[in-house]
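Chain by chain, the residues:
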Amino acid sequence: MTGLGAVFRPQLPPERLRALARLADETGLEELWLWEDCFREGGISTTAAALAWTERARIGVGLLPVPLRNVAITAMEAATLHRMFPGRAVLGIGHGVQDWMGQVGARAESPLTLLREHLLALRALLAGERVTTRGRYVTLDDVALDWPPDGPVEVLTGATGPRTLRLAGEAADGTVLTARTPPEGVRRARRLIDEGRRQAGRTDPHRVVVYLLTATGPDGTARLRAELTDEGLADVPDLGVAGDADAVAEAVRRLADAGADTVVLQPTADEPEPESFVRFVAQDVRPLLP
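So, here's what we can say about the structure.

Reading the values: the criteria
Residues numbered from 1 in each chain as written. Predicted model: local features only at pLDDT ≥ 70, side-chain atom pairs only at ≥ 80, totals over all residues. Heavy atoms only, no water. 1 Å grid on protein atoms, 1.4 Å probe; cavity = no way out; pocket = protein on both sides within 12 Å on 5 of 7 lines; lining within 4 Å. Points joined across faces, edges and corners; volume = space filled by probe spheres on them. Helix = DSSP H or I, 4+ residues; strand = E, 2+ residues; numbered from the N terminus. Nonpolar A, V, L, I, M, F, W, Y, C, P; charged D, E, K, R; others polar. Salt bridge = Lys/Arg side-chain N within 4 Å of Asp/Glu carboxyl O. Buried < 20%, exposed > 50% of the residue type's maximum accessible area, 1.4 Å probe, protein only. Axes fitted to C-alpha atoms, helices over the stretch in contact; angles between N-to-C directions. Parallel < 35°, antiparallel > 145°, perpendicular 65-115°, else oblique. Left-handed = near helix turned anticlockwise from the far one by under 90°. Contact = heavy atoms within 4.5 Å. Pairing = 2+ DSSP bridges. Phe/Tyr/Trp six-rings, centres within 6.5 Å; stacked < 30°, edge-to-face > 60°. Polar contact = N/O pair within 3.5 Å; in protein donor to acceptor, adjacent residues only side chain to side chain.

## Some thoughts on empty space enclosed by the protein
1) Next: Across all of its chains, the model carries three cavities of 30 Å³ or more by this definition.
2) Next: Counted as a void, the largest cavity has a volume near 120 Å³.
3) Next: As for the largest cavity, its lining consists of 15 residues, of which V7, R9, L12, P267 and P274 are closest to the centre.
4) Next: For the lining of the largest cavity, the secondary structure elements donating two or more residues are β1 (3-8) and α10 (274-285).
5) Next: Residues of the lining of the largest cavity, tallied by class, amount to eleven nonpolar, two polar and two charged.
6) Next: What the second largest cavity holds in volume is close to 60 Å³.
7) Next: For the lining of the second largest cavity, the element with the highest residue contribution is helix α9 (residues 245-258), accounting for three residues.
8) Next: Its residues assigned to classes, the lining of the second largest cavity comprises six nonpolar, one polar and two charged.

Spelled out as structure tokens, the structure:
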């Protein structure tokens, strides 16, 4: 079964989240994803609030930029969410946008090394291990969580380049791919992730989550084209979808056939009716998918 979700984009003010989260729950939306984009809304605070306002939907944060966070704090916050809302929090971490990291004095000389060290330490802490490590960026001295999650939890990482995709396969439990990823890009990502998994001898499941830029309504095609043009992506084939539920479901199926386990529909930044978008995903698109 292909997982399906929607994004609450941080271009919306945080006070809009409560109504949209409750609507996601009421309509049966499987996953609502949030972003920690500088300098808009905090990922953990919004995730905790959305989980408290809902009963069933899974709430994902994609992504928490690791240069901004000590790994012990990430682990404490993640474990707290998992214990309070078992099975419903989805944590994704990543490099962060390097220009933004530079603005706050947190840009790492080697983002890949930082992400590797953070992933390994975070997964160990969340597994209830006592960790001592002295890396280039991550240092822990006899650290263990008093309240680790009650069972295994997945830690996802965002990845685009080949080295990070291989690292995702090696050291993460899943990968988040941006809306810049067409079906062929998903196939390429899967191959690189699997290379990393083989090198690490991993045989456990690895979930791939892909954002799909989606526009509906009479001006959907124009809004999609405008956003892709602004991002310099207008000439990339098979990127994004505009149209009715049938068109969107077909685009989701193409990503799933390419290797996506979960497709998260990302509205355009100027989506005029976010509530209608959530209803569209849950009530119109979901029934058309396996």
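Still to come is the rest of the account.
## A look at the pattern of salt bridges
1) Next: Applying the stated criterion across every chain, the model contains 29 salt bridges.
2) Next: Notably, a salt bridge pairs E154 with R58, separated by 3.5 Å at the nearest N-O pair. Placement of the pair is E154 in the loop between β6 (139-143) and β7 (155-158) and R58 in strand β3 (residues 58-65), with a sequence separation of 96 residues.
3) Next: Between R166 and E195 there is a salt bridge whose closest N-O contact spans 2.8 Å.

## Observations concerning unusual backbone geometry
1) Next: Of the consecutive residues C38 and F39, the connecting peptide bond is found in the cis state with omega at 0 degrees.
2) Next: Considering the arrangement of structural elements, one finds F39 in the loop between β2 (31-34) and α2 (43-53).
3) Next: Residue L63 is bonded to the preceding G62 through a cis peptide linkage, with omega at 20 degrees.
4) Next: With respect to the helices, strands and loops of the structure, L63 is situated in strand β3.
5) Next: Here D142, not a glycine, exhibits a phi torsion of approximately 60 degrees, which is positive.
6) Next: Tracing the backbone through its elements, the reader meets D142 in strand β6.
7) Next: The partly exposed category is assigned to D142, whose relative accessible area is 44%.
8) Next: For D238, which is not a glycine, the phi torsion comes out positive at approximately 60 degrees.

## Examining the packing of helix α5 (residues 111-126) against helix α6 (residues 162-171)
1) Next: It is at 11 Å that the axes of α5 and α6 come closest, and there the two elements cross at 15 degrees. By the criterion of interaxial angle, the relationship of α5 to α6 is roughly parallel. Remark: the crossing between α5 and α6 carries right-handed chirality. Together, L112, L115, R116, L119, L120 and R123 of α5 and R163, T164, L167, E170 and A171 of α6 make up the contact between the two elements.
2) Next: Along the lines of polarity and charge, the residues of the contact of α5 with α6 split into six nonpolar, one polar and four charged.

## Topic: the pairing of strand β11 (residues 262-267)
Strand residues, when the strand is regular, have side chains that alternate between the two faces of the sheet.
1) Next: Taken across its six residues, β11 has six buried, putting it largely inside the fold.
2) Next: Alternating residues of β11 divide into T262, V264 and Q266 and V263, L265 and P267, and every residue in both groups is buried.
3) Next: Pairing analysis gives six bridges linking strand β9 (residues 207-215) to β11, with the strands arranged parallel. By the bridge assignment, V209 is partnered in β11 with T262.

## Some words on the packing of aromatic side chains
1) Next: This structure, assessed with the given rule, holds two aromatic pairs.
2) Next: Note on W35 and Y211: the rings are 5.8 Å apart at their centroids and 65 degrees apart in plane angle, and the pair reads as edge-to-face. Residue W35 is found in the loop between β2 and α2, and its partner Y211 is found in strand β9; the two are separated by 176 residues along the sequence.
3) Next: What makes W35 buried here is its relative accessible area of 10%.
4) Next: Taking relative accessible area as the criterion, Y211 reaches 5% and is therefore assigned buried.
5) Next: Each member of the aromatic cluster is reached from another via a ring pair, and the members are W33, W35 and Y211.

## A closer look at the side chain of T181
1) Next: Within the fold, T181 resides in the loop between β8 (174-177) and α7 (183-200).
2) Next: Only 2.8 Å separates the side chain of T181 from the backbone oxygen of T178, close enough to count as a polar contact.
3) Next: With near-sequence residues (within four places) excluded, T181 lies in contact with V186, V210, L239 and L255.

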